[in-house]
Every structure is written in C-alpha cells, then in structure tokens.
Amino acid sequence: MASKPHPPLMKKHSQTDLISRLKSRKILGVGGEDDDGEVHRSKISQMLGNEMKFAVREPIGLRVWILISAVGFTVMALMALMFPNQLYEVVFEEELSTTNISIRLYGGALLSLALIMWNGLYTAEKIVIQWTLLSEACYFAIQFLVTSITLMEIGILPNAAILLLLSRVLFLAVTMAYYYNLGRKPKKI
C-alpha cells in the first residue's frame, strides 16, 4: 500500500488570528464582563479574583476628617487629663465643686477613642473605618445628650455650652454622612 505524502503542515498563528483568539477566550469564559461588571484578562485572574474589588471606595475628605477627629480627641483628652478644672470652667462657666477625678476619667475615655481614631486613619479595611466612624458618632450623640441634660438640671445656658452642643450636632452629621457614604459607588451623572 502506497502512502500518500502528507501536505506540509501549516502552522496557524493564533495570536494574529483574531477570530481564533476570540473563540478561544469565549470557550475559556474570559474577556467578557462578569456579574460585577469586571473584565478578566485570564482564567487565573477570574478564579482568584481581582483585589481591586476589595478596595474601599472612600468619600472625598474621609482621611482628613479622621485625622481632624484623631487630633481633636487627643487634644481634648490631654486637656481633660492635665487641666480638668479649667476644662470644666470653660464649658459650664462655673468652678468644679466636686473632685476632678470624673473629668480625668473622661479624659482617659477620650484618649481611648483617640487611639481608635489613629488606628482608623492608617487602615485600609472598610469594616475598621466603619467602626471608627460609628464609635465617633456614638460619642458625639451621647455627649450631646449628657451635656443637654446637665445644662437643664443646672438651669443655665452659657455661650460656650451652646457652642459645644452645636458643634456636636455638626460633627455627628459629618461623621454619619461619611459612615453612610463609605463604600458606596459614586452616582453616574
């Protein structure tokens, strides 16, 4: 039996053959958008996932706000720890009649919150930033309530206390706005 000579093999250049490449990528399931709208370059990146997906979308000015909060909490804590009488006199415009240990304990609590703020400033994890903002918001809300009740019991309304209450409402609103917008996708216009 005589065998026919085979024709010379033609090498197909699949990298330059666009249709072949598209068919191969379609069979592999890469190159198209997935459910999250991401386009994967390879099957490996599709299986392992894209780490950009886990990056937090931070609202503009979030890190600056956390820095301002951390510095503010630290300064207030140090003032309460070192000068408790003067801090009380500035807010309530009267001398502290009882022991100043309560003001120093307040300073210690503020210092603890300041450490949380400093930690929130340097983290990239969304949940840590959210808990940082939530703890800050809880502090502002509780301080507003406690100061309001104390002023009603005393029966006076100093200008410094009014300023303190208004600032707490403003800080609470800003903190909750950042908490609400953290991780949300920006709206398309």
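Residues numbered from 1 in each chain as written. Predicted model: local features only at pLDDT ≥ 70, side-chain atom pairs only at ≥ 80, totals over all residues. Heavy atoms only, no water.

Visitor: Describe the overall build of the chain, listing the residues and the values that go with them.
Guide: Check the secondary structure of the chain and you find 7 helices and 0 strands. In sequence order, the chain lays out its α and β elements as α-α-α-α-α-α-α. Going through the 189 residues of the chain one by one, you find that 28% of them count as buried. Contacts in the chain between residues at least 24 apart in sequence constitute 62% of all its contacts with a sequence separation of at least 6. (Helix = DSSP H or I, 4+ residues; strand = E, 2+ residues; numbered from the N terminus. Buried < 20%, exposed > 50% of the residue type's maximum accessible area, 1.4 Å probe, protein only. Contact = heavy atoms within 4.5 Å.)

Visitor: Describe helix α7 (residues 159-181), with residues and values.
Guide: Over its 23 residues, α7 runs 33 Å from end to end, which matches the ideal 33 Å to within 8%, given 1.5 Å per residue. Residues of α7 that are buried: Ala 161, Leu 164, Leu 165, Ser 167, Arg 168, Thr 175 and Tyr 178. Structurally, α7 contributes buried residues whose contacts are with α3 (62-82), α4 (84-92) and α6 (126-154). Once α7 finishes, Gly 183 follows within two positions and takes phi at roughly 85°, a positive value. (Expected span 1.5 Å × (residues − 1).)

Visitor: Describe in detail α4, supporting the description with residues and values.
Guide: Burial in α4 covers these residues: Pro 84, Leu 87, Tyr 88, Val 91 and Phe 92. Relative to the axis of α4, the buried residues are bounded by an arc of 105° and lie together on one face. Lining the buried residues of α4 we find α3, α5 (101-121), α6 and α7. One or two steps after α4, the chain reaches Glu 93, where phi turns positive at roughly 55°. (Arc of directions from axis to C-beta.)

Visitor: Would you mind going over the pattern of salt bridges in detail, with residue names and values included?
Guide: Using the criterion set out here, one finds 1 salt bridge in the structure. Two residues, Arg 63 and Glu 58, come together in a salt bridge whose shortest N-O distance is 2.6 Å. Assessed through its relative accessible area of 23%, Arg 63 is described here as partly exposed. Accessibility expressed as a relative area gives 34% for Glu 58, which makes it partly exposed. (Salt bridge = Lys/Arg side-chain N within 4 Å of Asp/Glu carboxyl O.)

Visitor: Could you give me a rundown of the environment of Arg 63, with the residues and numbers involved?
Guide: Residue position: Arg 63 is located in helix α3. In this structure the C-alpha to C-alpha distance between Arg 63 and Tyr 122, which are 59 residues apart in sequence, comes to 8.8 Å. Residue contacts for Arg 63: discarding those within four places in its chain leaves Glu 58, Gly 120, Leu 121, Tyr 122, Thr 123, Ala 124 and Ile 129. Of the polar contacts made by the side chain of Arg 63, one reaches the side chain of Glu 58; its length is 2.6 Å. (Polar contact = N/O pair within 3.5 Å; in protein donor to acceptor, adjacent residues only side chain to side chain.)

Visitor: Run through the nonpolar core, naming residues and quoting values.
Guide: Most often, soluble globular proteins have nonpolar side chains that are buried together. Within the largest apolar cluster, 10 residues are counted, these being Ala 80, Leu 87, Tyr 88, Val 91, Phe 92, Ile 103, Leu 151, Ala 161, Leu 164 and Leu 165. The next biggest cluster of nonpolar side chains, apart from the first, holds 8 residues, and it includes Leu 121, Ile 129, Leu 133 and Tyr 178. (Core = buried A, V, L, I, M, F, W, Y, C linked by side-chain atoms within 4.5 Å.)

Visitor: Please give an account of the confidence of the model for the chain that cites residues and values.
Guide: For the chain, the average pLDDT comes to 79, and 69% of its residues sit at 70 or higher. Confidence scores differ between elements of the chain, with helix α2 (residues 43-48) showing the lowest mean pLDDT of 58 and α3 the highest of 93. (pLDDT = per-residue confidence, 0-100.)

Visitor: Explain the side chain of Ser 69 to me, and be specific about the residues and the numbers.
Guide: Within the secondary structure, Ser 69 is located in helix α3. Classification of Ser 69 as buried rests on a relative accessible area of 5%. When near neighbours in sequence (up to four residues on either side) are disregarded, Ser 69 contacts Met 117 and Glu 136.

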